[in-house]
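Structural features, examined
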Amino acid sequence: MKTKVLTFLKEAQGYVSGQALSEHLGVSRTAIWKVIRQLEEDGYYIKAVRNKGYCLIACEDMFTEAELKSTITTKIAGRALTFFEETDSTNVQAKKLAEQGAKDGMLVIAKRQTAGRGRRGRVWQSKEDGNIYMSLLLRPNIEPQRASMLTLVAALALRTGIWKATQVECLIKWPNDLVLEKKKLCGILTELSADMDEIHYVVVGIGINANMEQFPEEINHMATSLQLFVGSNINRVNLIHEILLAWEMYYDAFLKQGDLSLLMEEYNQYLVNCHDVVKVLAPAGEFCGTSKGINPKGELLVEKEDGTLVEVLSGEVSVRGIYGYV
Ligand code: BTN
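First, a word on what this report is: a plain description of the structure on this page.

The rules we used
Residues numbered from 1 in each chain as written. Predicted model: local features only at pLDDT ≥ 70, side-chain atom pairs only at ≥ 80, totals over all residues. Heavy atoms only, no water. Salt bridge = Lys/Arg side-chain N within 4 Å of Asp/Glu carboxyl O. Phe/Tyr/Trp six-rings, centres within 6.5 Å; stacked < 30°, edge-to-face > 60°. Helix = DSSP H or I, 4+ residues; strand = E, 2+ residues; numbered from the N terminus. Buried < 20%, exposed > 50% of the residue type's maximum accessible area, 1.4 Å probe, protein only. Lys NZ or Arg CZ within 6 Å of the ring centre and 35° of its normal. Axes fitted to C-alpha atoms, helices over the stretch in contact; angles between N-to-C directions. Parallel < 35°, antiparallel > 145°, perpendicular 65-115°, else oblique. Contact = heavy atoms within 4.5 Å.

What follows deals with the pattern of salt bridges. Proximity of charged atoms lets side chains of opposite charge pair with each other. According to the stated counting rule, one finds 14 salt bridges in the structure shown. In the salt-bridge network here, residues are joined through shared partners; they are Lys95, Arg117 and Glu191.

Encoded structure:
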């Protein structure tokens, strides 16, 4: 009901009478009034004027379940969503819901995480409200070996979504980071549940430093946020919506071929350090070479000094510019 009232108020772009709302939604005017009160408790400013009705005053960064539901217009991604004020980790919650039968495209979002997780067992700082912590549940009909490519599809969607929502041009750091001015802006943690030849589900976890105003000293030199760059508050709902729209476009292209052949050209265009010298940190040792971009499987091609071309698989590998994180 909250979502319906909010959607109606948004679409009206002006005053809507209590009568019109109650007729449109088929409930009493008292019920409408109660929902208006709930929306106000959520932080919305709704002007009520006798003989005119209710008018929603635009808010900067309303980050509520109703706001998300009344904004998202995708086909599948995020159409069903679970919203937490606080949870341990949206990836953990998405996996739980997947085990209980949640459908392809379900999105889990949290305002804060108490146990946010990064790659390789690292902690993803998520205690503060203002950023984006979300996980998309997928049930693709592809071989399990192809699941890691979804991280690259997500990176493309993040880049495009961020561009559309904020006009900020960030770059992709293969395989799972987005960077802005050589600092980390987003991280992706993709988790897979599968047996030998069948995927049960994939969870693509996304953390975006949206409205972070400052970082702890130890990561300040390598982390940034959209707000720090733009200089004003970022509307998270709009940003999530643009990312989901972009996701559907790239995901369709990925599913069509079962690989990244339709996407690699665009990916390589936004790949940080493409054609530059990079250092590959692999468990078997490290080496330097020139990055030649990704291939259709999403592997990073690195040409060593002796001319041999190495196909670097994601997983336990990390790639750096030769001067530091980027
Ligand atoms: C990384 O760069 O190491 C990946 C970070 C991924 C963080 C996101 S925040 C939402 C989702 N829930 C988690 O616990 N982690 C991912």
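That covers the picture; the talk isn't over yet.
Going through the model one piece at a time under the given rule, you end up with 3 aromatic pairs. With centroids separated by 4.8 Å and ring planes inclined at 25°, the aromatic side chains of tryptophan 247 and tyrosine 251 adopt a geometry described as stacked. Placement of the pair is tryptophan 247 and tyrosine 251 together in helix α9 (residues 236-257), with a separation of 4 residues, close to one helical turn. Accessibility expressed as a relative area gives 8% for tyrosine 251, which makes it buried. Connected via pairs of aromatic rings, a cluster forms that spans Trp247, Tyr251 and Phe254. One residue, arginine 159, lies across the ring of tyrosine 270, its end atom 3.4 Å from the ring centre.

What follows is about the packing of helix α1 (residues 2-12) against helix α3 (residues 29-41). Relative orientation of the contacting elements α1 and α3 amounts to 85°, with a least axis distance of 10 Å. One way to sum up the angle between α1 and α3 is to call them roughly perpendicular. Residues Lys2, Val5, Leu6 and Leu9 of α1 touch α3, and the partners they reach there are Ile32, Val35, Ile36, Gln38 and Leu39.

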